[in-house]
Amino acid sequence: MTPAIHLLDESDSTNAEARRRAEAGEIASQWIVARRQSAGRGRRGRAWNSDTGNLFATLLTLTRKPPAEAAQVTFVAALAVADLLDAFAVPGVVSIKWPNDVLIAGGKASGILIESGVHASGALWLAIGIGVNLAHAPEGTERPATSLAAHLRADIAYPPPIEAAATVLAEAFAVWQARWDSLGFQPILDAWTARTEGLDGPCVARLGHETLKGHAEGVAADGALRLRTGDGALRLISAGDVFFGSDAHGRAA
């Protein structure tokens with residue numbers, strides 16, 4: 001069953017709104033969607049560009065999964081965003097970059113931010129924040145960004161309105177979540193890997209305290225990136241800024 005979608009004209013941040021609702025004791029799974037955000041956030045505290053016409057959505061849900069397992073929801077979210085973009089984009093241009101950036105023709109079109117905390121019920125609340133560039137892409141970003149509007153199928157004149165995009169996203173997420181809950185993580189990881197580029201080639205991982213250079217060797221069973229460094233050591237990376245292929249060569253130079 002797809003959770004209810006609450007559409008707000010404006011919010012400081014849909015993730016912040018989800019947190020407030022979780023801390024107020026709400027227990028029902030729900031999507032919080034805003035037409036505008038005044039203080040959108042990305043990973044590592046970065047600001048998230050919030051142009052009107054783009055999708056800003058957060059799924060608030062409770063889980064009894066342990067935190068390490070609950071974190072696998074980021075792969076579910078990436079697959080749902082890819083399905084949303086596939087519904088409107090030119091065929092074959094949507095891919096995923098580890099761990100959870102969704103790309104269109106190599107440009108970043110979406111970001112995902114997962115936050116969590118302990119609910120009054122004792123469960124873990126998750127705020128699964130998703131931003132999708134439907135109509136506009138920010139300029140001056142570290143990585144090239146793009147929007148769905150620049151890659152629409154020939155039979156589609158305009159990107160979907162917020163309400164329609166939120167509905168498609170919510171329905172796709174519900175399908176992948178049901179598979180995760182009933183079949184475990186491996187089918188999710190397999191589907192995600194099939195969409196993900198760069199998992200067998202040059203790689204640079206910029207972590208909080210160090211930068212690692214080497215060769216990506218796929219992902220571990222929990223989704224961590226396997227990076228073989230120049231000295232032959234195998235490092236498992238769960239989070240970080242990662243560059244693959246020709247982009248990695250540039251970062252390593």
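Now for a description of the structure that goes with this document. Numbering of residues starts from 1 in every chain and runs along the sequence as written. Per-residue local features of the predicted model are confined to residues with pLDDT of at least 70, and side-chain atom pairs are confined, for both listing and counting, to 80 or more; whole-chain, interface and lining totals are unaffected and use all residues. To obtain the side-chain values, all non-hydrogen atoms of the structure were used and water was disregarded.

1. Focus on the packing of aromatic side chains
Whether two aromatic rings pair depends on their centres lying within 6.5 Å, for rings of Phe, Tyr and Trp, where Trp uses its six-membered ring; planes under 30 degrees apart make the pair stacked, over 60 edge-to-face, and the rest tilted. Applying the stated rule across the entire model yields three aromatic pairs. Ring centres 5.7 Å apart and planes at 85° place the aromatic pair tryptophan 31 and phenylalanine 173 in the edge-to-face group. Taken as a pair, tryptophan 31 in strand β2 (residues 30-37) and phenylalanine 173 in helix α4 (residues 162-183) lie far apart in primary sequence, 142 residues in all. Judged by centre distance (4.9 Å) and plane angle (75°), the ring pair of phenylalanine 75 and tryptophan 192 falls under edge-to-face. The helix and strand labels rest on DSSP assignments: H or I over at least four residues marks a helix, E over at least two residues marks a strand, and numbering proceeds from the N terminus.

2. Some remarks on helix α5 (residues 185-195)
Each residue is assigned to one of three classes by its accessible area relative to the maximum for its type, calculated with a 1.4 Å probe on protein chains only: buried under 20%, partly exposed between the two thresholds, exposed over 50%. Those residues of α5 not exposed but buried are Phe185, Ile188, Leu189 and Trp192. Looking straight down α5, one finds its buried side chains confined to an arc of 95°; they lie on one side. Any two residues whose heavy atoms approach within 4.5 Å at even a single point are treated as in contact. Buried residues along α5 sit against α3 (73-86), β4 (94-97), α4 and β9 (211-219). Taking the helix axis as origin, the arc is that swept by the directions to the C-beta atoms.

3. Focus: the sheet that holds β2
When DSSP locates at least two bridges between a pair of strands, those strands are taken to pair. Overall, mixed pairing links the seven strands, which are arranged β1-β2-β3-β7-β6-β5-β4 in an open sheet. Bordering the open sheet on either side are β1 (4-11) and β4, each of which pairs with just one other strand. The average undirected angle you get between the axes of adjacent strands in this sheet is 20°. Helix axes use the C-alpha atoms of the stretch in contact, all axes being lines fitted to C-alpha atoms, and the angles between their N-to-C directions lie in the range 0 to 180 degrees.

4. Some points on α3
The terminal C-alpha atoms of α3 lie 20 Å apart, and with 14 residues this matches the ideal 20 Å at 1.5 Å per residue to within 8%. Counting buried positions along α3 gives 12 out of 14 residues, so the element sits mostly inside the fold. Three or more residues of α3 are buried, namely Val73, Thr74, Phe75, Val76, Ala77, Ala78, Leu79, Ala80, Val81, Ala82, Leu84 and Leu85. Expected span, for any helix, means 1.5 Å times one less than how many residues it has.

5. Comments concerning the pattern of salt bridges
Should their charged atoms come close, side chains of opposite charge can pair. When a carboxyl oxygen of Asp or Glu is within 4 Å of a side-chain nitrogen of Lys or Arg, the pair counts as a salt bridge. Under the definition given, this model contains 17 salt bridges. One salt bridge in this structure joins aspartate 181 and lysine 65, with 3.7 Å as the shortest N-O distance. Residue aspartate 181 is found in helix α4, and its partner lysine 65 is found in the loop between β3 (55-63) and α2 (67-70); the two are separated by 116 residues along the sequence. Of the residues examined, aspartate 181 reaches a relative accessible area of 48% and is grouped as partly exposed. For arginine 195, the salt bridge identified is with aspartate 86, shortest N-O distance 2.4 Å. Pair noted here: arginine 195 is in helix α5 and aspartate 86 is in helix α3, with a separation of 109 residues, a long-range link. Judged by its relative accessible area of 31%, aspartate 86 falls in the partly exposed class. The network of salt bridges with common partners includes Asp12, Glu17, Arg20 and Arg21.

6. Considerations on the sheet that holds strand β10 (residues 225-229)
As summarised here, the arrangement of the five strands in space is β11-β10-β9-β8-β12, forming an open sheet in which the pairing is antiparallel. Here the strands that pair on one side only, and so sit at the sheet edges, are β11 (234-237) and β12 (241-244). Neighbour-to-neighbour, the strand axes of this sheet turn through a mean angle of 40°, independent of strand direction. Both strand β8 (residues 202-206) and β12 contribute to a ladder of four bridges, which runs antiparallel. Each residue of the ladder has a partner; that of cysteine 203, found in β12, is phenylalanine 244.

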